[in-house]
Structure formats: C-alpha cells, structure tokens
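# Observations on the model geometry
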Amino acid sequence: VSPLISLMKDQVMALRNAGIPAGCINSSMSLDELRETYRDARYGAYKLLYVAPERLLTDGFCSLAQELEIPLVAVDEAHCISQWGQDFRPSYLEIAHFVDSLPNRPVLAAYTATATERVRADIVGMLGLRAPELQVTGFDRPNLYYDVRELGEKAKRAWIASYVREHAHESGIIYCATRRGVDELACDLQLQLMPEGVRVGRYHGSHSASERRKNQEGFIQDSIPVMVATNAFGMGIDKPNVRYVIHMNVPESIEAYYQEAGRAGRDGDPASCILLWNGNDFRLRRFLIDQGDVSEESLSLEQRERARQNRYRLLGQMEGYCQTTGCLREYILRYFGDRGALGAASELRENGCGNCSNCRTEFETEDVTEAAIAIVRFVALRSRRFGKTVIAEALHGANNEKLRKFRLVEAPGYGSLADMKLGRIKDVIDQLAGRGYLEVSQGQYPVIGLGERSREVLGEGAVYGVEDVPLPDFTFTIKRPASKRVKERSRKIADLLRDEESVQAAGRADGALGVAASASETAPERPHLGDDAELFERLRVLRRDLA
C-alpha cells in the first residue's frame, strides 16, 4: 500500500530491473492497462503488487483480493494513518477494514521513516497490529551538517546563488514551498549560473509528465547537478551523492524537514542540510493550514478541526527548531524520541555535536529578566487580545493609530521598554512563548496569551490578570550569537591605536633629546583614543543602531 503514484512507478521499475516481477494499480493507468494487470495478478504473475489506499475498498480490487492468496500486506508511509503525524490521510483508515475482509489474515507490516513515539503507538492501534515487533533504526545521521539561517527574501536568493556557485561541481536539491517559488528561483539561478556552466533544473506538479521525467533523469545521471523543486520531488529517488539540501522556506513539520533534508549524504560522506527562514514563511504556512486539505473533505467538522490544530502544533515545533540556540541535532533526536540516542542527546545538550550551526556559533548570554517581567505583566492584563507586534510596539512606546484606537498609549506598562529595540522585544516574546511562559494562539492572526508557566513570573496574579510583584527567584536569560567581527575589529583598532601611541611617545623622546625647548615653547599633545578603543567601537556600533 503506497500513497504516491510516482513512487510506485519508480519502485516497480527498480524491482523489474532486479528480476523481481512486480506491478501496480493506480488511477494514472488506462482501462486496458488495469484489465491486463488484474488478469496477470489472477494468474500469479506478480510477487509484489503496489496499490493506493483509496483502491482497497473498490469493488473490483476487493473481488480480486478475495481470489488471491495474500501472505503479506505492507503499508508504506504508515505515519499517514495517524492524525498526530504530519501527513494524515483518511484513506489510510480503510486499510484495517480491508485486511479484516480477507479470507485469511495475512502478516501485516508498517513502515515509515518519520514517526514520533505517539505516532508509532497510533500506527499499532489504527492498523490493529497484533503483538508487533518494533524496529527503530535510529534518527541520527552524523554525516549531516545542520544549519539554520534567518534571512529576508532577497537575502535568501543571493545566499543560495552564492552557495550553489561555490559548490558548482556538487549535486544539490533546493526546496521551495510553492510552485511559483520554484519557477522564480529556478529562473534566477539559470540566468546567473548557466552561463558559468552550471545547469539548473526544476520540478513541480504543474509540469508535464515528460518534463518531470526528463529533469528527474538528468538529476539522477548528474547532467543536471542542481534541482529546484517542491516537496513532490525526491520520493523514491535513492541518489547517494546529494551533497546539500537547501530549504528556501520552512516546511510544515519536523517530520517533513527530516525526510526532505535526509536525501542528502546517503553515501555516508559529509553533506549539508540548510534551512533558510523568516516570519513570512510561518505566515504562509498558517494561511495554508487555514485553507484546509482537500483529502479531509470526507471527515466530520470535529475531525477536520482536530487535524487543523495538529498541523498548528507541528508547525510550532518547526518554529522552535528555527529559533533554538541549542544543538540542532539534539533537538531532532529528542523530538523523535530516539531512545538509542537519548543518552548521547544529553551529552549533546551539554557539549554540542560540533556539526551544526548552533554548535559552531559562540553565543553571548543576556539577562532580560526585567523585560520578561514587563511583557508577562502587560499580557496578563489583556491576555489573548493582541498579537506580538502590537504588544511589542506598546511596550516600546510607539504612537500609531492602532495603539491609540485600543487606548494602549494610556495603558499601564506603555513605553516601559522604550530603551530596548522593537525587534529585541519581539525576540524576548518569542523566547517566553517557546519556554511556556506565554502562549501563541493558532490561526492566521495569532494572539498572545499567558502560558502554563506564567505564574512562575508573577505568581497567582499573572493567572488572574492582575498586576503582581515578580517572584524574587525568577530570572530570564536568552542567548544571542557573539559578534566575532565586532570583537576582531575592536581588537584591530586597539592595536593600531596602541602602535600610534608608541610611535608618538618615541617621537616625543627623540625631540626631548635633540631639542632644548622651554616649557612655554612645548606644543600641546594631539588628543588620541589610546586604550579607549573598545569604547570607541561600542560608540560606533551605537551610532549605527541609532542611524
């Protein structure tokens, strides 16, 4: 049982090339092809037959299944049966009914590359597996380097073009969230890189079958080293030498990201998995969630709402991955509950893996306790009424039409964080939400409310929406990347100015030896920065920020 037609075709072709008689039944086949496949199946021509889950309860296939002696039913992409997974498909719920309808119950097996402990339990229950043998091969891929970068849209395109140019002789996949995004990025890269001899292909569902096949074959054969695609590309492709996978947009879940990024480095050699993101990515994902999924039309309103909320939950985990300053590898292992690696995960949390962008970045710890208290206090008095931007603007002391409309310019706490940058206030709000002190509602226009840990900040007053004194033992710190460039520049300026000082001192000494000058004839010394170079550099940064 397989959900993807393209995956069926690829696997059937590979099996036949290996001498194993295999066939498939799906909606892309003509009536004559279906009749021929049904006839061959009745004569026992196939060792393995691929079918889509939607076909299991059709009259024609049920009739065929009653005639065959089926020793094994194997369910691929089994996470699709769970509403807690990232790709729930109602048609998978029919698999258990199909198996129960067979004259003799076959062995039932389920396979997936991405399933948390909760989803694994759901697979066992929903498929009705009897005393199953569970095999978890592990989620750690030590050869993969994980990297997360927050960039604007233009900066993303420039960064990708630069990266592909630097790795022109390597094979890579660049994933975009939409078909339009694929076409625009592929066009940009073709204009920039094809004159330099780097071929760039593209792949999404709107292209003709022949164009998709041509591009896919070119990628597999290395005649097209770079492929820009939607997530439809890569299923069933076992290309071992993909050296990098870049996501230009945020995927809908950690499961989807792990599966798509995992197409890199299958030969065991080092490969890079790079995720580029910004706030627009999450707004797009929320919009797509609110639009709903066509495959869920058969569900009740309650089931659809539950599926929608689960998609928001999965997206929240993805947002946590983008914003964490901890080890990215440890985040993935802990998300999937990899018991075999959890011991190592605790070590990763302490010492880092040394092979992800966070572990290779120096962070500075900043105490933002006062800001955190001000934010939680402000939210406590108006919980679930305003979004992150409005709250940050009010605390920063902005004076715009929206704040005046809601009378926030007169509210307690207005302007209490005027000395903090607006973007920094938003960062603190994100960190408070990520650690459970605040809660972000679901939907396209999320609002901020109190989280389950809010009472740790302001005691019971936070819960009941009244101002209270902060608890004496509450502290809140966040990490930010250390500015190595500023430190190095500051050190360079300090060295230059100290050299200048030594030269001037030597000149004064020479003058004292060679010229007998009276005190009245001595010229005043020229002012210089000397050991205040670090202060000068801090002032230079402040000037830039003010500008």
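See the structure above.
Analysis parameters
- Here, residues in each chain are numbered from 1, in the same order as that chain's written sequence.
- Owing to the predicted nature of the model, reporting of local features is limited to residues with pLDDT of at least 70; listing and counting of side-chain atom pairs is limited to 80 or more, with chain, interface and lining totals taken over all residues.
- To get the side-chain values, take all heavy atoms of the structure and skip hydrogens and water.
- By definition, any uninterrupted DSSP run of H or I lasting at least four residues is a helix, any uninterrupted run of E lasting at least two residues is a strand, and each is numbered from the N terminus.
- Should a side-chain nitrogen of Lys or Arg be within 4 Å of a carboxyl oxygen of Asp or Glu, the pair is scored as a salt bridge.
- Partly exposed describes any residue whose relative accessible area lies between the buried limit of under 20% and the exposed limit of over 50%, with all areas from a 1.4 Å probe on protein chains only and scaled to the type maximum.
- We treat two strands as partners when DSSP finds at least two bridges between them.
- The convention used is that axes are lines fitted to C-alpha atoms, helices contributing only their stretch in contact, and that angles between N-to-C directions extend from 0 to 180 degrees.
- For this analysis, residues touch if any pair of their heavy atoms sits within 4.5 Å.

A few words now on unusual backbone geometry. Here the phi dihedral of Asp-222 falls at roughly 70 degrees; this positive angle occurs in a residue that is not glycine. With phi around 60 degrees, Arg-407 is a residue other than glycine that occupies positive phi space. Inspection of the secondary structure assignment puts Arg-407 in the loop between helix H16 (401–405) and helix H17 (422–434).

Turning next to the pattern of salt bridges. In this structure the tally under the stated criterion is 26 salt bridges. With its nearest N and O atoms 3.1 Å apart, the salt bridge here joins Arg-157 to Asp-188. In this pair, Arg-157 is assigned in helix H6 (residues 153–166) and Asp-188 in helix H7 (residues 179–193), connecting sequence segments 31 residues apart. For Glu-439, the salt bridge identified is with Arg-384, shortest N-O distance 2.1 Å. Of this pair, Glu-439 sits in strand S12 (residues 438–440) while Arg-384 sits in the loop between helix H14 (369–380) and helix H15 (388–396), placing them 55 residues apart in sequence. Residue classification places Glu-439 among the partly exposed residues on the basis of a relative accessible area of 36%. Accessibility expressed as a relative area gives 40% for Arg-384, which makes it partly exposed. Salt bridges sharing partners connect three or more residues here, namely Arg-157, Arg-180, Glu-184 and Asp-188.

This part is about the sheet that holds strand S8 (residues 226–229). Pairing is parallel in the open sheet, where six strands are placed in the order S5-S10-S9-S6-S8-S7. Where the open sheet ends on each side, the last strands, each with one partner, are strand S5 (144–150) and strand S7 (200–203). Strand-to-strand twist across the sheet, computed as the mean angle between neighbouring axes with direction ignored, equals 15 degrees. For strand S6 (residues 171–175) and strand S9 (residues 242–247), the ladder comprises five bridges, and the chain directions are parallel. In the sheet register, Ile-173 faces S9, and the bridge partner there is Val-245. Each of S5, S6, S9 and strand S10 (271–277) touches helix H9 (residues 254–261); the most contacted strand, S9, lies at about 150 degrees to it.

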